[in-house]
Structure formats: structure tokens, C-alpha cells
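Each chain is listed here by its residues.
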Amino acid sequence: MTLNYSITLLNANKTMIFNFQKLHLSIRTMSSKISVTEERKLEKQRKKLVDQIIRVDHAGEMGASFIYKGQMAVLGKSSIAPLIQEMKEHEEKHLAKFEELLVDYNVRPTILIPLWKLAGFTLGAGCSLLGEKGAMACTVAVEALVTKHYDDQVEAMLNNNPKLDQELIQIIKQFRDDEQEHHDIGLAHGAEEAPMYRLLTAIIGAGCKGAIFLSERI
Ligand SMILES: [Fe+2]
Ligand SMILES: [Fe+2]
């Protein structure tokens, strides 16, 4: 009687242990499936963010290069020409870097590139027709927006995946400082004294925001 009872108890224990092992195994399988799905989801989100950043920044740097080309076309012989030329060269370096990043990260450029070129040149040349201060007002309006835009992107990447996007964060931080310098050059050279400074800034700001919104998406 005692022997039968002990054997039954032993079998019951074995079954319990076996079931517990099966349960443990299925929980582990489930959790690893969940973490793989979660990782894929996060990687997809990261890829989307990085794609948007590189696409829109490439377009923006293209636009900036053409703004300074437009300024040079009108003010190429003025006293501020060397300053404009210097800023133009910075933008061309930024653009070249984003051209590289498009390839490295396998990102498609926006279909709006021809529009960025045309709008950039027209904006740069048009404001320069108002004089040197008009050109500087254009620089201040654009660079203020770009600086804020780059700050927002760095923040988004820091909140997303700072380790994986370290290189991109460093590049954008460095470009952000260049854009801040351009902004300050504009202010130091009478941007705020340009005719219709406030109106000009508001129009340029709204135009750039619209172009950024579209270029992140198409
Ligand atoms: Fe730039
Ligand atoms: Fe700039």
C-alpha cells in the first residue's frame, strides 16, 4: 500500500516537472518570437526615420546650394560676395556628404529635386535684388529654419537609436553648427534692416516648411 502510494506520488511529481518544463519552454519560445517581432518593428521605424532624414536633408542642402548660387548671380561683384561664396562652399560640402549618405544608406532622393533647385535659385536671386541686406535676410530666414530642423532630427535620433545612428548624429550636429554660423553672419550684416524683413522671413519660413514636409514623404 505504502509502496503503491509512493510510486503514484513519484509519477505525479515527474509529470508535474515535465509539464513545468514544457510550459517554461513554450514561454521562452513565445517571448523570443515577441522580441524578434519587436526588433523588426523597431528596425523598420528606424529605417523610416533615417530615410526621411537623409532624403529631406539632401534636398535641403541642394536648395541651400542653389540659394547661394542665386545670391552670387546677383551680388557676385558686391562687397559681401566673399562671404556668400564661403557659405555656398559650405553648402556644397554638405550636399556632397548627403549624396554619399544616399548611397551608403540606400535612400532614394526626393522626386522634388528639380523644384528645390529652381526654388532655391529664385529665392536667392530674388532676395538679392532687394540688395545685400535682402540677401542676408534670406540667409537668416532659411538658416534659422534649417538649424531648428537639424536640432529636431538629432533629438529624434537620440530618442530612437543613438548607438546605431551615431555617425549620422555627428554629421548633422556639425552641419547644424555651420548653419548657425551662416545665420549669425546674416544677422551681423544687416539682415534685419532689409525691406519687409518680417514679411520676407515669414514667407520664406512657411515655404521652406512646406517643402520639407513634402520632401520627407515623396
Ligand atoms: Fe547646409
Ligand atoms: Fe547654411
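Criteria and thresholds
- Residues numbered from 1 in each chain as written.
- Chains lettered and ligands numbered in written order.
- Predicted model: local features only at pLDDT ≥ 70, side-chain atom pairs only at ≥ 80, totals over all residues.
- Heavy atoms only, no water.
- Phe/Tyr/Trp six-rings, centres within 6.5 Å; stacked < 30°, edge-to-face > 60°.
- Helix = DSSP H or I, 4+ residues; strand = E, 2+ residues; numbered from the N terminus.
- Buried < 20%, exposed > 50% of the residue type's maximum accessible area, 1.4 Å probe, protein only.
- Lys NZ or Arg CZ within 6 Å of the ring centre and 35° of its normal.
- Donors = N, O, S within 2.8 Å, 3.2 Å for Na, K, Ca; no water.
- Patch = residues over 30% accessible without salt bridge, like charges linked within 9 Å, V, L, I, M, F, W, Y side chains within 5 Å.
- Areas by Shrake-Rupley, 256 points an atom, 1.4 Å probe, with all protein chains shown as cover.
- Salt bridge = Lys/Arg side-chain N within 4 Å of Asp/Glu carboxyl O.
- Lys, Arg positive; Asp, Glu negative; His and termini not counted.
- Charge placed at Lys NZ, Arg CZ, Asp CG, Glu CD.
- pLDDT = per-residue confidence, 0-100.
- Polar contact = N/O pair within 3.5 Å; in protein donor to acceptor, adjacent residues only side chain to side chain.
- Contact = heavy atoms within 4.5 Å.
- Expected span 1.5 Å × (residues − 1).

For the rest of this paragraph, the subject is the packing of aromatic side chains. Per the stated rule, a full pass over the model turns up one aromatic pair. Ring plane angle 65 degrees and centroid distance 5.8 Å describe the contact between F98 and F175, whose orientation is recorded as edge-to-face. With F98 in helix α2 (residues 81–104) and F175 in helix α5 (residues 166–188), this pair connects stretches of sequence that are 77 residues apart. Taking relative accessible area as the criterion, F98 reaches 0% and is therefore assigned buried. On the basis of relative accessible area, F175 is assigned to the buried category, the value being 6%. Its end group placed over the ring of F66, K69 keeps NZ or CZ at 4.4 Å from the ring centre.

Taken together, the protein donors to the iron ion (ligand 2) comprise E91 (OE), E143 (OE), E143 (OE), E179 (OE) and H182 (ND1), at separations of 1.8 to 2.6 Å. All donors of the iron ion (ligand 2) come from a single chain, and their spacing in sequence reads E-x51-E-x35-E-x2-H. Between the iron ion (ligand 2) and the iron ion (ligand 1), both coordinated by E91, there is a metal-metal distance of 3.9 Å. Residue E91 is found in helix α2, and its partner E143 is found in helix α4 (residues 132–160); the two are separated by 52 residues along the sequence. E91 sits in the buried class, given a relative accessible area of 0%.

This paragraph deals with a nonpolar patch on the surface. On the surface, I111, F213, L214 and I218 cluster together into a nonpolar patch covering about 390 Å² of accessible area. By the element assignment, I111 lies in the loop between α2 and α3 (113–128). Relative accessible area serves as the criterion here: at 61%, I111 is assigned to the exposed category.

Moving on, we get to a negative patch on the surface. A cluster of acidic residues, E86, E89, E181 and D184, forms a negative patch on the protein surface. The set of elements that each furnish at least two residues to the negative patch consists of α2 and α5. On the secondary structure map, E86 appears in helix α2.

Below, the discussion takes up the confidence of the model for the chain. The pLDDT averaged across the chain works out to 87; a share of 86% of its residues lies at or above 70. The weakest mean pLDDT in the chain belongs to helix α1 (residues 2–75) at 79; the strongest belongs to α2 at 96.

Moving on: the side chain of R55. Within the secondary structure, R55 is located in helix α1. Buried and unpaired, R55 has no salt bridge, with D51 as the nearest side chain of opposite charge at 4.6 Å. Among the polar contacts made by the side chain of R55, one reaches the main-chain carbonyl oxygen of R108 at a distance of 2.8 Å. Excluding anything up to four places from it in sequence, R55 contacts V107, R108, P109, T110, S215, E216 and I218.

This part covers α5. Within an α-helix, residues lying three or four positions from one another point in the same direction, as the helix has 3.6 residues per turn. Compared with the 33 Å implied by 1.5 Å per residue over 23 residues, the 33 Å span of α5 between its first and last C-alpha is a close match. Buried residues of α5: L168, I169, I171, I172, F175, R176, D178, E179, H182, H183, I185 and G186, and no others. Residue G190 follows α5 closely and has a positive phi angle near 80 degrees.

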